[in-house]
Amino acid sequence: MMENKNTEFLKYLDISIKASQDMTQELIKDNRKDEADHEKVKTNVYQIFKTVFQVITKQKALELDDIKKLFLEKLETIPANWKTSLESGKEFQDYEKILIEEIKLQTLEEIRNTFLTLWESN
Amino acid sequence: MTEAEAIKLFKCLADKSRMKILKSLIVEDMYVERLAERLNLTPATISFHLKKLEDAGAVTSYKDQYYMMYSLCKDIFITNILDIIKEETPDAKEQEERENNYRKKVINAFFEYGRLKSIPAQRKKERIILEEIAKAFENGKEYSEREINIIIADFHDDFCTLRRDMISEGLLERTGNIYKLK
């Protein structure tokens, strides 16, 4: 069962990475280079959490609950700076920073929701 | 329009979403949310593009009740492209423009929201940073060491190094315990 959940979650991340990379290419073709760069930010977030998840699941003797606890911890600690950066962006009306940090945090939320839905399902 | 301004404008226009924003604004002035709805983009993306267009001089904004409205700067689009190409930039002006661009680049790399991220190792870059900090001092005003430290500490915690470097670079002068801009 644990193997299934791990595989499912990695599959979701891989599909998301591929979709985001495809979207980047589409935006470039559509002469929307800046938006393509912003889409790349999204791809990076998926890749970061894919690596984090793989590192956690490679540790021996971890139960489903241990994986959940460790991964949720990472979902809290890694974006701490993103939130600070978003606040300072808003304070100084730095629209590019606001947009980038919002994309990162929205992608993170999507990853968290998918992870929880998958982990809490039977 | 200077050459640098023209390049900035052309670069800014070479984007489909920004073109669509301009096409909407040519019809009427609009606010971010309305543009977002019309163009099916997020308000944050629209704000990002509007900022670029505003910096390039293509749009301008004004407050209307609760909304920040954006309008097209028609004058800039009436300018003949041939006139822009023909415009001659004197060597001195071109050099000044290059220096200003370099200066801006260094300032953007080392400052974030008015705070110095780190002290540059290269003397040329540090000089630019120190000149930027020196703008916080009033010309002719005399400062105590404590006052100087407080002002510099607003930029970076290592105020001692920066204060000493400002003296050695000839930006500040010290007589006894009194400091002032040179």
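Keep in mind it's a predicted model, so treat the numbers as computed, not measured.

## A short note on the overall build of chain A
Here is step 1 of the chain: Of regular secondary structure, chain A possesses five helices and zero strands.
Here is step 2 of the chain: Mapped in sequence order, the helices and strands of chain A form the string α-α-α-α-α.
Here is step 3 of the chain: Across its three principal directions, the C-alpha atoms of chain A cover 45 × 35 × 20 Å.
Here is step 4 of the chain: Counting only residues that meet the buried cut, chain A has 40% of its 122 residues in that class.
Here is step 5 of the chain: Sequence-distant contacts in chain A: of pairs separated by 6 or more residues, those separated by 24 or more amount to 68%.
Here is step 6 of the chain: In chain A, 19 positive and 24 negative side-chain charges are present, and the distance between their average locations comes to 4 Å.

## Observations concerning the overall build of chain B
Here is step 1 of the chain: Per the secondary structure count, chain B includes 10 helices and eight strands.
Here is step 2 of the chain: Taking 16 Å as the expected radius of gyration for a compact globule of 182 residues, we find that chain B reaches 22 Å, considerably beyond that expectation.
Here is step 3 of the chain: Among the 182 residues that make up chain B, the fraction classed as buried is 36%.
Here is step 4 of the chain: Summed over its atoms, the accessible surface of chain B is roughly 11,500 Å², and 50% of this surface lies on carbon and sulfur atoms.

## Considerations on the UniProt feature "domain: HTH arsR-type" (unreviewed entry) in chain B
Here is step 1 of the chain: The UniProt feature table records "domain: HTH arsR-type" (unreviewed entry) at residues 1-96 of chain B.
Here is step 2 of the chain: For the annotated span residues 1-96 of chain B, helix accounts for 64% and strand for 15% of the residues, and the straight-line distance between the end C-alpha atoms is 15 Å.

## Examining a negative patch on the surface
Here is step 1 of the chain: On the surface, Glu3(B), Glu5(B), Asp83(B) and Glu87(B) cluster together to form a negatively charged patch.
Here is step 2 of the chain: By relative accessible area, which is 44% here, Glu5(B) ends up partly exposed.

## Focus: the layout of surface pockets
If a probe the size of a water molecule is rolled over the atoms, the empty space left behind becomes visible.
Here is step 1 of the chain: A volume near 1,300 Å³ is recorded for the largest pocket.
Here is step 2 of the chain: Every residue lining the largest pocket is counted, 32 residues in all, and those nearest its centre are Lys8(B), Lys52(B), Asp55(B), Lys104(B) and Asn108(B).
Here is step 3 of the chain: Only helix H2 (33-58) and helix H5 (95-120) of chain A together with helix H1 (3-13), helix H4 (43-55), helix H7 (91-110) and strand S4 (111-112) of chain B provide two or more residues apiece to the lining of the largest pocket.
Here is step 4 of the chain: Here the residues of the lining of the largest pocket are counted per class, giving nine nonpolar, six polar and 17 charged.
Here is step 5 of the chain: In this structure, the lining of the largest pocket is formed jointly by two domains, domain 1 (3-82) and domain 2 (90-181) of chain B, each of which donates at least three residues.
Here is step 6 of the chain: Counted as a void, the second largest pocket has a volume near 560 Å³.
Here is step 7 of the chain: In terms of lining, the second largest pocket is formed by 21 residues, of which the most central are Glu35(A), Glu39(A), Leu41(B), Thr42(B) and Thr45(B).

## Describing H4(B)
All names here are of chain B.
Here is step 1 of the chain: Between the first and last C-alpha of H4 there are 18 Å, a value that for 13 residues agrees with the 18 Å anticipated at 1.5 Å per step.
Here is step 2 of the chain: Buried within H4 we find Ala-44, Thr-45, Ile-46, Ser-47, Phe-48, His-49, Leu-50 and Leu-53.
Here is step 3 of the chain: Directly after H4, the chain includes Gly-57, whose backbone phi takes a positive value near 85°.

## A short note on the packing of H2(A) against H4(B)
Here is step 1 of the chain: Put simply, H2(A) and H4(B) touch, their axes get as near as 11 Å, and they point 135° apart. Considering their axes alone, H2(A) and H4(B) lie oblique with respect to each other. The element H2(A) and its partner H4(B) pack so that their crossing is right-handed. Facing H2(A), whose interface residues are Asp34(A), Glu35(A) and His38(A), H4(B) presents Thr45(B), Phe48(B), His49(B) and Lys52(B).

## Focus: the nonpolar core
All names here are of chain A.
Here is step 1 of the chain: Among the nonpolar cores identified, the biggest contains 24 residues, and Phe-9, Phe-49, Phe-53, Phe-71, Ile-111 and Trp-119 are the most heavily contacted of them.
Here is step 2 of the chain: Within the residue set of this core, elements represented by two or more residues are helix H1 (2-29), H2, helix H3 (64-77), helix H4 (80-91) and H5.
Here is step 3 of the chain: The biggest single contributor to this core is H5, with seven residues.
Here is step 4 of the chain: Apart from the residues within four sequence positions on either side, Ile-111 is in contact with Phe-9, Tyr-12, Leu-13, Val-45, Tyr-46, Phe-49, Phe-71 and Leu-75.

## Focus on the interface of chain A and chain B
Here is step 1 of the chain: Contacts between the two partners involve 16 residues from chain A, matched on the other side by 15 residues from chain B.
Here is step 2 of the chain: Summed over the three residues of chain A that lose the most area to chain B, namely Asp34(A), Glu35(A) and Tyr95(A), the buried surface amounts to 38% of that side.
Here is step 3 of the chain: The partner of Lys16(B) in a salt bridge is Asp30(A), and the shortest N-O contact between them spans 2.7 Å.
Here is step 4 of the chain: Summed over the shared surface of chain A and chain B, the result is eight residue pairs in polar contact (both at pLDDT 80 or more).
Here is step 5 of the chain: Those elements that place two or more of their residues in the side of chain A that touches chain B are H2, H4 and H5 of chain A.
Here is step 6 of the chain: Element by element, the count of residues in the side of chain A that touches chain B is highest for H5(A), at five residues.
Here is step 7 of the chain: Tallied by class, the residues present in the side of chain A that touches chain B amount to three nonpolar, four polar and nine charged.

Reading the values: rules and limits
Residues numbered from 1 in each chain as written. Chains lettered and ligands numbered in written order. Predicted model: local features only at pLDDT ≥ 70, side-chain atom pairs only at ≥ 80, totals over all residues. Heavy atoms only, no water. Helix = DSSP H or I, 4+ residues; strand = E, 2+ residues; numbered from the N terminus. Buried < 20%, exposed > 50% of the residue type's maximum accessible area, 1.4 Å probe, protein only. Contact = heavy atoms within 4.5 Å. Lys, Arg positive; Asp, Glu negative; His and termini not counted. Charge placed at Lys NZ, Arg CZ, Asp CG, Glu CD. Rg over C-alpha atoms; globule rule 2.2 N^0.38 Å. Areas by Shrake-Rupley, 256 points an atom, 1.4 Å probe, with all protein chains shown as cover. UniProt positions renumbered as here; feature names shortened; annotations may be inferred. Patch = residues over 30% accessible without salt bridge, like charges linked within 9 Å, V, L, I, M, F, W, Y side chains within 5 Å. Salt bridge = Lys/Arg side-chain N within 4 Å of Asp/Glu carboxyl O. 1 Å grid on protein atoms, 1.4 Å probe; cavity = no way out; pocket = protein on both sides within 12 Å on 5 of 7 lines; lining within 4 Å. Points joined across faces, edges and corners; volume = space filled by probe spheres on them. Nonpolar A, V, L, I, M, F, W, Y, C, P; charged D, E, K, R; others polar. Domains from an automatic or database assignment. Expected span 1.5 Å × (residues − 1). Axes fitted to C-alpha atoms, helices over the stretch in contact; angles between N-to-C directions. Parallel < 35°, antiparallel > 145°, perpendicular 65-115°, else oblique. Left-handed = near helix turned anticlockwise from the far one by under 90°. Core = buried A, V, L, I, M, F, W, Y, C linked by side-chain atoms within 4.5 Å. Buried area = accessible area lost by both parts, 1.4 Å probe. Polar contact = N/O pair within 3.5 Å; in protein donor to acceptor, adjacent residues only side chain to side chain.

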